[in-house]
Structure formats: structure tokens, C-alpha cells
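# Descriptive structure summary
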Amino acid sequence: MKIESDLKYTSKDEWVRVDGNMAVIGISDYAQEQLSDIVFLEYLVSEGDDVAKEAEICTIESVKAASEIYSPVSGKVVELNEELLDTPENVNSDPYGAAWMIKMELSDPAELDALMDAEAYQKNIEEREA
Amino acid sequence: MINLEPLIYDKTSPGRRGVRFPESAVPHTDLPADLVRQDLPLPELSELDVVRHFTKLSQLNHGVDIGFYPLGSCTMKYNPKINEETARLAGFAGIHPLQPVETAQGALHLMYLMQEFLKEIGGFAGVTLQPAAGAHGELTGVLIIKKYHDFNGDTQRNKILVPDSAHGTNPATSAMSGFKVVQIKSDERGNVDLEALKAECDDTLAGFMLTNPNTLGLFEENVCEVSEIVHQAGGLMYGDGANMNALLGISKPGDLGVDILHYNLHKTFSTPHGGGGPGSGPVGVVEKLVDFLPGPLVAVQDQGGEDVPPYYNFVTPEHTIGRMKAFHGQFGVIVRAFTYIMMHGAQGLREVSEYAVLNANYLMALVKDAYRLPYDRVCMHEFVVEGRWPEIEGVHALDISKRLMDFGFHPPTNYFPLIVREALMIEPTETETKETLDEFAKALLQIAEEAKSNPDVLHQAPHVTPIGRLDEVKAARNLVLCCGVPWLDND
Amino acid sequence: MFHPHTDSDREAMLKTIGAGSIEELFEAIPEDLRFPELDLPPIHTEMEARELLQDISEGNETQRDLPMFLGAGAYNHYIPAAVDFILRRGEFYTAYTPYQPEISQGTLQAIFEYQSHVINLTGMEVSNASHYDGATAAAEAINMGRVILRGKRSKAVVSPGVHPQYRETIHTYVDNDSFDIQGEDLDLTAGPEALYPLIDENTAVVMVQYPDFFGRVYDYTELAEKVHQAGAILAIVANPLASALLKSPGEFGADIVCGEGQPLGIPLSYGGPYLGILATREKYVRHIAGRIVGETQDEEGKRGYVLTLSTREQHIRREKASSNICTNQGLMALAATVHISLLGKEGLREVANLNYQHAHYAAKQISEIPGFEAWSDQTFFNEFVVKCPMPAGKLNDLLLEEGIVGGYDLGKDYPGMQDHLMVAVTEMNSKSQIDFLVEKLAEVSRD
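All of these numbers come straight from a predicted model, not from anything done at the bench.

This paragraph deals with the overall build of chain B. Across its full length, chain B holds 14 helices and 12 strands. Against the 2.2 N^0.38 benchmark of 23 Å for 491 residues, chain B shows a C-alpha radius of gyration of 25 Å, consistent with a compact globule. Across its three principal axes, chain B shows a C-alpha extent of roughly 75 × 70 × 45 Å. For chain B, the residues scored as buried account for 59% of the 491 residues in total.

Once that is clear, we can look at the overall build of chain A. Scanning chain A from terminus to terminus reveals four helices and nine strands. Moving toward the C terminus, one meets the helices and strands of chain A in the order β-β-β-α-β-β-β-β-β-α-α-β-α. Here the C-alpha radius of gyration of chain A, 14 Å, is about what a compact globule of 130 residues would show, namely 14 Å. Across its three principal axes, chain A shows a C-alpha extent of roughly 35 × 35 × 20 Å.

It is worth spelling out the interface of chain C and chain B at this point. At the interface, 168 residues of chain C touch 173 residues of chain B. Of the residues forming the side of chain C that touches chain B, the biggest block, 23 residues, is contributed by helix 11 (residues 330-367) of chain C. Taken together, the residues of the side of chain C that touches chain B sort by class into 75 nonpolar, 57 polar and 36 charged.

To continue, consider the sheet that holds strand 6 (residues 56-62) of chain A. Strands pair in a sheet through their backbones, by hydrogen bonds, and they do so in one of two ways: parallel or antiparallel. Residues and elements named next belong to chain A. Across the sheet, three strands lie side by side as 4-6-7; this open sheet has antiparallel pairing. Since the sheet does not close on itself, it has two edges, and those belong to strand 4 (38-43) and strand 7 (66-70), each with one partner. Pairs of neighbouring strands in the sheet enclose a mean axial angle of 20 degrees, with direction left out of account. Both strand 4 and strand 6 contribute to a ladder of five bridges, which runs antiparallel. Of the residues in strand 6, the one forming a bridge with leucine 41 is isoleucine 60.

All right, on to the environment of Tyr78(C) then. All names here are of chain C. Topologically, tyrosine 78 is positioned in the loop between helix 2 (46-57) and helix 3 (81-87). Residue classification places tyrosine 78 among the partly exposed positions, given that 15 C-beta atoms sit within 10 Å. Between the alpha carbons of tyrosine 78 and alanine 95 there is a distance of 27 Å; along the sequence they are 17 residues apart. In this structure, tyrosine 78 is in contact with Glu427 and Met428, ignoring residues within four places of it in sequence.

What follows concerns the packing of helix 5 (residues 105-122) of chain C against helix 11 of chain C. Residues and elements named next belong to chain C. Relative orientation of the contacting elements helix 5 and helix 11 amounts to 60 degrees, with a least axis distance of 9 Å. Relative to helix 11, helix 5 is oriented oblique. Here helix 5 runs over helix 11; the crossing is left-handed. Of helix 11, the residues touching helix 5 (which contributes Thr107, Ala110, Ile111, Glu113, Tyr114 and His117) are Gly330, Ala333, Leu334, Ala336, Thr337 and Ile340. For the contact of helix 5 with helix 11, the residue count by class is seven nonpolar, four polar and one charged.

If you want to describe how two helices pack, look at the angle between their axes and the distance between the axes. Residue and element names in this part refer to chain B. Where helix 4 (residues 105-122) meets helix 10 (residues 331-367), the axes come as close as 10 Å, and the angle between the chain directions of the two elements is 60 degrees. Relative to helix 10, the element helix 4 is oriented oblique. Seen from above, helix 4 lies across helix 10 with left-handed handedness. Contacts between helix 4 and helix 10 involve Ala107, Leu110, Met111, Leu113, Met114 and Phe117 from the first element and Phe331, Ile334, Val335, Phe338 and Ile341 from the second. Among the residues making up the contact of helix 4 with helix 10, the classes are represented as 11 nonpolar, no polar and no charged.

Bringing the environment of Thr103(B) into the picture now. Tracing the sequence through the fold places Thr103(B) in the loop between helix 3 (90-93) and helix 4. Residues Thr103(B) and Lys147(B) lie 44 residues apart in sequence; the distance between their C-alpha atoms is 34 Å. Excluding residues that lie within four positions of it along the chain, Thr103(B) makes contacts with Asn60(C), Glu61(C), Leu66(C) and Val405(C).

What follows covers helix 11 (residues 397-405) of chain B. Residues and elements named next belong to chain B. The buried fraction of helix 11 amounts to eight of the nine residues, a majority that puts the element mostly inside the structure. What helix 11 keeps buried is the set Ala397, Asp399, Ile400, Ser401, Lys402, Arg403, Leu404 and Met405. Those residues of helix 11 that are buried lie in contact with strand 11 (413-414), strand 12 (423-426), helix 12 (434-453) and helix 13 (455-459).

What follows is about the sheet that holds strand 12 of chain B. Residues and elements named next belong to chain B. Reading across from one edge, 10-12-11 is the order of the three strands in this open sheet, with antiparallel pairing throughout. Two strands close off the open sheet at either side, each with one partner strand: strand 10 (383-386) and strand 11. Judged from the two bridges that link them, strand 11 and strand 12 form a sheet pairing that is antiparallel. Bridge pairing in strand 12 links threonine 413 to methionine 425.

This part covers the nonpolar core. Counting 320 residues, the largest nonpolar core has Ala138(C) and Met207(C) as its most contacted members. Here this core takes 22 residues from helix 10 of chain B, the largest share from any one element. Sequence-distant contacts of Met207(C), defined by excluding residues within four places in its chain, comprise Ala138(C), Ala141(C), Ile142(C), Ala156(C), Val158(C), Ser159(C), Val162(C), Ala235(C) and Val237(C).

Take the pairing of strand 4 (residues 203-210) of chain C next. Residues and elements named next belong to chain C. For strand 4, a buried count of eight out of eight residues is recorded, marking the element as mostly surrounded by other parts of the structure. Relative to strand 5 (residues 233-238), strand 4 runs parallel, the two being bridged by six bridges. Following the sheet pairing, glutamine 209 is matched in strand 5 by valine 237.

A separate point is the pairing of strand 13 (residues 420-424) of chain C. Residue and element names in this part refer to chain C. The element strand 13 is extensively covered by neighbouring structure, given that five of its five residues are classed as buried. Side chains His420, Met422 and Ala424 of strand 13 all project onto a buried face; the interleaved residues Leu421 and Val423 project onto the opposite face, where all are buried too. Of the pairings in the sheet, the one linking strand 12 (residues 408-409) to strand 13 comprises two bridges and is antiparallel in character. Bridge pairing in strand 13 links aspartate 409 to leucine 421.

Residues and elements named next belong to chain B. Relative to the 26 Å expected for 18 residues at 1.5 Å per residue, helix 4 spans 26 Å between its end C-alpha atoms, a close match to the ideal helical length. All of the buried residues in helix 4 are Gly106, Ala107, Leu108, Leu110, Met111, Met114, Gln115, Phe117, Leu118, Glu120, Ile121 and Gly122. Two residues or fewer past helix 4, glycine 123 is found with a positive phi of approximately 75 degrees.

Another point: the confidence of the model for chain B. On average, residues of chain B score 96 in pLDDT, and 99% of them reach the 70 mark or higher. Both scores are given for the predicted complex: the pTM is 0.96, the ipTM 0.97.

The next point concerns the environment of Ser178(C). Residues and elements named next belong to chain C. In this fold, serine 178 is placed in the loop between helix 7 (164-174) and strand 3 (180-182). Accessibility expressed as a C-beta count within 10 Å gives 9 for serine 178, which makes it exposed. In this structure, the C-alpha to C-alpha distance between serine 178 and glutamate 24, residues 154 residues apart in sequence, is 52 Å.

For the rest of this paragraph, the subject is unusual backbone geometry. A cis amide bond, omega -5 degrees, links Asn212(B) with the succeeding residue Pro213(B). By the secondary structure assignment, Pro213(B) is in the loop between strand 4 (205-211) and helix 8 (223-232). The omega torsion of the bond from Gly272(C) to Pro273(C) falls at 0 degrees, within 30 degrees of zero and hence cis. Looking at the element boundaries, Pro273(C) is found in the loop between strand 6 (256-260) and strand 7 (276-280).

Conventions we followed
Residues numbered from 1 in each chain as written. Chains lettered and ligands numbered in written order. Predicted model: local features only at pLDDT ≥ 70, side-chain atom pairs only at ≥ 80, totals over all residues. Helix = DSSP H or I, 4+ residues; strand = E, 2+ residues; numbered from the N terminus. Rg over C-alpha atoms; globule rule 2.2 N^0.38 Å. Buried ≥ 20, exposed ≤ 12 C-beta atoms within 10 Å, placed from the backbone. Contact = placed C-beta atoms within 7 Å. Nonpolar A, V, L, I, M, F, W, Y, C, P; charged D, E, K, R; others polar. Pairing = 2+ DSSP bridges. Axes fitted to C-alpha atoms, helices over the stretch in contact; angles between N-to-C directions. Parallel < 35°, antiparallel > 145°, perpendicular 65-115°, else oblique. Left-handed = near helix turned anticlockwise from the far one by under 90°. Core = buried A, V, L, I, M, F, W, Y, C linked by C-beta atoms within 7 Å. Expected span 1.5 Å × (residues − 1). pLDDT = per-residue confidence, 0-100.

Shown next, in the form of C-alpha cells:
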């Protein structure tokens, strides 16, 4: 299981990559392992939407499970990874790269402080596993 | 080994005919040219082709008539053949749902008696036969809860509680009816955690949905306290009757504080599961809820006299939630269940539950040294074991299930209830002999041994079925949901 | 009774369990509430039960005892002998939902073929494995439309020509939250264009029936355009047998087709079990309720079938499921699959045409009786409405005295239609039966 060191994480297994005022969101390697083979993905927001923190932004399905993805931060949706709709298996093979989901313009960068860094996320997973 | 069968669309031959109809004997009327369909892409086969095709398909199935089918919570008991005869009697199969009630008194009589039987068995004041299946009965019940509170002006009651062991239909039904769903955890004996329950019992409580015996096969030991807590908070107790096969003549849910209960005639009362339906999910309610039942119900309109039978008619309860489906319910299923009750009487029904519970406890005793029991208590009509061993990696409940097929058994329910890891839920039913249970236990013990000595034989199972493990990921990623459709490019 | 235990079995089993008696196993149940005496009829042996049920069944008069001209959502059609022969195979009817595909390929492939037949008949792209009946399928169709539009639209427009019991069922399903149904009180004589003014940006679903409850057949192409212009979903409640002869709902542009599959090889059986049809477009596949079977292969590449897309369903999604439905009407779907396969392309057209011919003959003959006239000049399939010289209820009473079950008294559901009788004529109503009806109608209306 991989945890990328330069990302921020939530306890629901989303990751955020911050670049200035922009945030890119996806789900972690741990999350994709739990879900197993991803067969379907659907965005619940559109480009230009204002999204509140913890709003549902995406639904993701494997054969055995379905899960909602919640926005780790508030902001405006700038871009959706439309390619991922046709290649949901990328969530399994490249969760931190090709399987990025949503790009957002942050409306409250201070919200980032509440997210976990890689080390805290690692601990968080270990606690859940125990 | 039996071979697979081609699709019926692959066996079609243009111009070949099956069943034919007589020539029209009336003067011809032209068809409406602008509305006539040009192309009807259906197969063309002879009658024998069709009969062979479906006979071969049938041979690819496992059923109760073929072998043991201990699918937990589904009550796969023997389906008496006489039920198939009675449901097909011309006087039942050949009557129209809207024909005048004076020409259908036999049907109404039977439905009336069935309502009475189910009232008596469950301890209720009213019963509707309308719901088409268990989940449909649940929807009926939850809509009654909604209507009852609304009627009393308690519109703030928007929350339904379900145990964490609940069947998925409980939360799905509650949400479908506009309720918020809150899960209540189970305690270390597998009962509802009373403290967790109390914490959620406030003036927004609409009801609590309890399956008893629960999906762990355990009788809810605190059922009376649970009912009292829920009632004191102003909530209603909903009973999921999926597991009534443990309670016939043993205890009446109405006596235990249940206000609404759905029966599953296809489980408890032996009507065939039909490869997934038709079911039938009558709902019983206590006195204060009778007026909310869906209509129509059958009532006695005229008591009759010495030589005059009672006259029955349909009535609609005053504050009814409305109709749940067209017509009067799954009548053909009701005839079968009626036949079954008639053949058992009070004593026979009690024996059904007694032997269902005896069989489950016997089987549990035979396997419990080899499979971990999450709750080591006397079980009711079914029990749950863990399909895994901490010291063996990579062997799952699914592998055990697939391996059981090699012995000619249908696997138990897997991965449910969700609160048990790698759950295997086993319900033998009362119609199985001791010998069958011994054979099944022997297979389970052998598999437990194989898990240690030769896990590959589990991973590669099943070995003797017409087809191996199927790729469900491919099925879901690359959807092919039909064949022979000219306007789709699936072929 | 069907439990096989001998005394020695019971003793041996109790010994293994470590219990002294069966009663001991029930000690978790509060003692004062344990073992109630049930007041039920005495035990009947099979022989006695058979006799009893035969007696009860004879309290009903069947289609063989009395010629019937009743339809209104349930139709008397010929069912080939081979259909029931297949249904009686224990391998089919004593199986359950095909959770374990390796030992359920029979059920799974039959459902896959059912889905294919339904898609071909309705002109759609995806079908579920069946629903309870026509009414519940219609209610699910309304829910589906709401969910497709993510709950952002707050009303459905439902034609008064949708079966009254289906509309009641829809109300039961949706009335519990803020969702509005409009259109049911429109003028009955108007066509689908009467719905147009109600269709707006707040409309999630528009529902019409084909043929409608009164038997009328409309071309819904223009309606479909209006619905789609408004960004809404068009759901058509269809009689699948009519679609063997007439344009399919898919050709009009329907987004959802639902309906009653009973005309496809399922006995009348006093209203159930029947077969709910629910089909849609590929793009809405994840919003359809109920089981769906898909094709795949095993490790050796053998073609096989599995339940798929189950993440929509209650056992995974729980409170977020697309519906709470678990089972379908498996055996009824099998009946329809066998029936359609036996009749095939030509047989199904043949029987649909017989319905059309017989019904039109009957309509013509009845409209020539003094005092009777056709209520509508719209095209129809196998059912039509006649305006009568007296209340339809009274007319039916008089017909019953003559040994005929007449048509459906529309006054029961539509105030102001008391003098209107709805007559269904299928291939089972022979010319002589029709002539007998016409003769008796003339007689009883003359007196």
C-alpha cells in the first residue's frame, strides 16, 4: 500500500494535491484496495459548481461495494477527469496519478489545515485495521 | 458433466413455427397502416426445440428438489407438490380479478380464512394479503408507520432505527419512504444493545425494525424491553417476519410487542421460490393500525345462516395508506400457503418450528469445533459461522461455498450479516433428514481440513459444475444485458 | 406434514446437542409468551386437503363457466401446454435467486433471454429481470424518473388514461413526500396533446399508457418530443402483446417502458402472481430497480451469466439503494420467456392480430345495437368503450343473469362514466361468444 508523502488526506480516504489556489482530489491506494476492482464511476457535480466541504462529489463502484466520495474542501469545480469515466480501472492501477478525479479552486484554503499529512494518515489506517 | 446450452436466439431459423393459432373466423378489419409494427425480432423455433432448450437450462440449476439448500434467511424447505395442484385448479387459476364478487365467493372465502389464520399465528388484529413479496410488505409496514404518526399529528417523527445485523431491505425501505435511518449496534450476545437503543429513542423516533430471531439466528433475548423502550418513546415496533419459521406456535410476535409484521409466504409457508419470485408478503397489524392497512381487504358482508354460507366482499380501511399493487395480491401463492396451513393445523405448524430449530442446533453442534461461532448460544432455525481461520491466509467464505458445490450442496448465504467476518449463514429447515445433515456436516469438516492441508482445492472449486467461477468484474465493466436485439450492437 | 424425523432421530440429535428436550431449545423466549395455543383448523391429510380446496374452488365461476368480456389490465389468453410443463420442473421452481452462478445457469440464462425478449418487444435497450406487477413497475418508473433527474424536479404528469389502480399505487409510493402528480383530472376524451401544457421545467416524468386504459391507441411520437424538449423522462405503460402488432413504445421515443406481462402466458389467477415489465435506455441502466443479468465468462473462457450491477441494490446500498426490491417474479418471467419462445415472431403476431380482429368485429356489432355507440373513434387493440343506454353496472347485472360476465363498469373509477362499459375481446372469445353477447345486449337493453 502506497501513501504519497506530498499529499493531504481525509479519514474517508480522499487525497488532496494542493498547487497554489488549486486542489486536485482523488482516493488513496488504501481505499482502492478496500473497494477491489472498480467498475464504475459517476460525478455528482458539474464544472462550475460551487461545492461545500463534505458534499458528495462522486460515486464509485466495484462489483461488491459502492462508495461516495466527499469533497475534502470547499470550492468551485474547475475540471472533472472525464477520461476516468471510461477507464475506472485506473483507480486501481494509478490512484494518485491517472485516477485524479476533480480539480477545484479553493474558496477557503484554511480548511487544508484540518486534513492529515501522510504520517497521520498512515497512523489513521493502522488504527482502523487494529 | 452437463454441457452448457446455446442462447435461444442462436437456435432460430427463419420460417420455423412453434405454436399456431386458428384462422380468424370474423370478417376482416384492416390494421391501422401508420401504426403497424414493421419488424419483430423474436426467435423462430419448433415446439420441441423450445421444450428441449428450457429442459436443458433447467438441468443447469440446483433446486430443493435436487439437493440440500441451506441458504440462510431464505427458508429453502420442501415445496409440497399438492400446493402446485391446488393453485392450478380451474376455479382458482381461471378467474378474473375484476369479475363480480358473487361469482368469486370461493376466492374471497379462502382469502378471508387466510387473513384469519395469519392474524392468529402472529397475534394481530388485522392482515392484508396485498403485498407481493417480503420487501413489498416492509414498504407497506413502513408506510403504515408514516401514516399513523402523520394522522396523530406527530409529523416530526422522521427516524427509523435498524439493528446493525438488519437485512438491507430494512434501511432501503425506510429511506424509500422518506425516513432517516439510524443503525443500532448489537451487544456481545448478539442482541440489540439497549443503551445504544435508548440513546436514539426521542420524539423524532417513528419506529424500530426488528428481525426476530435476528439474522444471526438468535432469539432477541431483550425483545420485551426493546418493545417497551420503543413504545415509551412513542415509536412503533416493526417485525421483519423473514425468520418466522422459528416461531410458528412457539411465540406470537404480537405478544412480544410487535405492532406490524410482514410474513414471507414463500419462506415460512413453503410456497416455491421460483428462481427468485413470486413471493408474497402479507402484513399483520395490531388493533390501532387496522384502519391504515392497504385496501381492499376481505370482510364478511353477511354472516349467512344454517344452510347459507357467509357472503364476502372487499372493503377499504378508513385511513388506508392506499393500494400497494393492482388487484388483490399474489393470489396463486396464497392458495399454496393456505393448502400448507390446512395440512398442518396448529400442532403441525408448531412441529415445523420445533424441527427447524432442532435441525439447526444439531448441525451447529456437528460443525462448531471446526468453524468459529461468533455467538455461542442456542440458535433458532439458523446459525452463522465464520468462514475463515485466522491462522490460514487467503481462504474465504466464498471458497468454502464454492467447494460445497462439489459435494452436491447449495452453499449457505455468504457475507451476511455484515457484522460477522466472512459470514456463512446456514438454515437447514425442518424438512431435511438427520442423514442429510450428517452428510453436509461431513463435507464442512472435510473442507475445514482441506483449508489447512490443501487450500488450492478450495480456491479452484467448484470442480464438477458445468461452468467455473465467473468473471463478475468483466460482466460489470463490459455490460452485455441481452442478445438478438437489432438496434444494439451486442452480438 | 413434511418433517421426516423419527423418534430415534430426535433422541440422537438432542443427545448431540446436549439438550434434554426440544422445548429446552426455546428457553430464550419469555416463558409466559411461549407455546401459545393456536386456534386453527385441524390437520388435513393431502387427500383431504385436495378435496377441501377443490370444494372451495368450485365456489368460483370461471371463464369456462361464463363467457367473459373483462379486461382492464388482466386478459384471458390461450397458454400453450408446454409453458406449464416447463414451469413445473423442480429445477426451476424450487431454486431461489441465482446468487451462486455456477449452479444457477438455468435461471440466469432464462432471465437473460427474458431481458432480450422484453427489449425486442418494447423497443428498448435494457430490461430488468422483472418486477412484481404492472402497477408496481409503474410506480418504480416514476421513482426512477425522479432519481434520473437527481430529485431536482418536483412533479410527474400522469395521464388519466393510465390504469386507475396503477395510479393509486403510484400515489401510495410517492405521496409520502413533496412530489406532485398532475394531469389525472384532464378531460378523458382528449388525446395526449392535453398533457402538453402541463409539461415544464419542473416535470420529472410524464406517464401515458399504450393502449391506454380505455383501449385507445395513440401515436406518442409528438408527446415524446415535447417531453424531451422539457428535459423530462417519458414513461409508457405498455401491453406487450399489443407491441407484437403495433409500433413499440421505443419507436415513439419512450425512456422507460413498464407494464403488465400477464398477457404473455400467465393465468388470470384472480389477479396474481403476474409479471411487472420494466425496461429503459442504456444510459439509465444504473437507475433501474431490481435484478439484472449480464453475460460474462469463466476462467476457461466459457460463456456464462451472472447477476450484475448489484451495487444499485439494497443488500449493498442499503438506505441508498435504487429500490428496496429483492426478488423479482422469477417464475412468471420464465413463463413469459417460454411463451414468447413457443409462439415466436409469427405466432405472437398471429395471436395479436386475432385479438384485433375479434375486438373490432365485436365493437362493430355492438355499435349497431340501438342505444349503443362507440365512445371514441380512436384506433384500438383488443379493448374498447361503448356508451350504453343504461348504467353499465345494471347492464352487467342483467348480462350475468343470462350467463355472461360483461365488461368493466367505468363508473367505478370515473365519475360521469356510469353509462360506459369497457369490453375486452381476446382470441379466447369466439365468434359465437361474441354473437351471443351482442344478442343478449340487444335483448336486455330492449326490456
